[in-house]
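Letter by letter, the chains look like this.
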Amino acid sequence: AELLPIAHDLPAVVAWYHLRLAANQMSADSLGIITAVLNAFGITQSSSTEQKLDMLATGAWMFLISPEYLVQK
């Protein structure tokens, strides 16, 4: 619910996940890959809630399966 209002602001979404899921310890390469994938969704402020939720779920999933998250965990 906290991310839905900012789902159109991709840098803010990635920063939110980065801080809360990876303690800001992910590499720039990993962040670049995640950002590129989420950017492909093309979410705008007028996108549907379903589209935003799909993108947010994918973002969370990508952080959770990243090697850096798994090592930190």
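Residues numbered from 1 in each chain as written. Predicted model: local features only at pLDDT ≥ 70, side-chain atom pairs only at ≥ 80, totals over all residues. Heavy atoms only, no water.

## A word on helix α2 (residues 28-39)
Put simply, the rule reads: In DSSP terms, a helix is any run of H or I states spanning at least four residues, a strand is any run of E spanning at least two, and both are numbered starting from the N terminus. In this scheme, a helix's expected span is set at 1.5 Å multiplied by one less than its residue total. Buried, partly exposed and exposed residues are distinguished by accessible area as a fraction of the type maximum, computed with a 1.4 Å probe on protein chains only: under 20%, between the cut-offs, and over 50%, respectively. The reported arc concerns the directions from the helix axis to the C-beta atoms and nothing else.
Spanning 12 residues, α2 covers 16 Å between terminal C-alpha atoms, matching the ideal 16 Å at 1.5 Å per step. Those residues of α2 lying buried are Ser-30, Leu-31, Ile-34 and Leu-38. Buried residues of α2, viewed axially, fall in a sector of 95 degrees; they line one side. Facing away from the buried side of α2, by more than 90 degrees, are the exposed residues Ala-28, Asp-29, Ile-33 and Asn-39.

## Section: the nonpolar core
It is characteristic of soluble globular proteins that their nonpolar side chains tend to be buried jointly. Test applied: In this description, a nonpolar core means a group of buried Ala, Val, Leu, Ile, Met, Phe, Trp, Tyr and Cys residues linked to one another through side-chain atoms lying within 4.5 Å. We call two residues in contact whenever any of their non-hydrogen atoms come within 4.5 Å of each other.
Ranked by size, the top nonpolar core spans 17 residues in total, and within it Tyr-17, Met-55, Leu-56 and Phe-63 carry the most contacts. Contributing elements (two or more residues each) for this core: α1 (10-22), α2 and α3 (49-65). Sequence-distant contacts of Tyr-17, defined by excluding residues within four places in its chain, comprise Leu-3, Ala-22, Leu-56, Ala-57, Gly-59, Ala-60 and Phe-63.

## Quick word on the packing of aromatic side chains
Rules: Ring pairs are drawn from Phe, Tyr and Trp, using the six-membered ring of Trp, whenever the two centres fall within 6.5 Å, and their geometry is named by plane angle: stacked under 30 degrees, edge-to-face over 60, tilted for the rest.
Under the counting rule described, the total for this entry stands at 2 aromatic pairs. Both rings, one in Trp-16 and one in Tyr-17, keep their centres 5.6 Å apart while their planes meet at 80 degrees; by these two values the pair is edge-to-face. Assessed through its relative accessible area of 6%, Tyr-17 is described here as buried. Seen in terms of ring centroids, Tyr-17 and Phe-63 are 5.7 Å apart; in terms of plane orientation they differ by 40 degrees. Their pairing is tilted. Of the two residues, Tyr-17 is situated in helix α1 and Phe-63 in helix α3; the sequence distance between them amounts to 46 residues. Grouping residues by exposure puts Tyr-17 and Phe-63 together as buried. Following the ring pairs from residue to residue traces out a cluster consisting of Trp-16, Tyr-17 and Phe-63.

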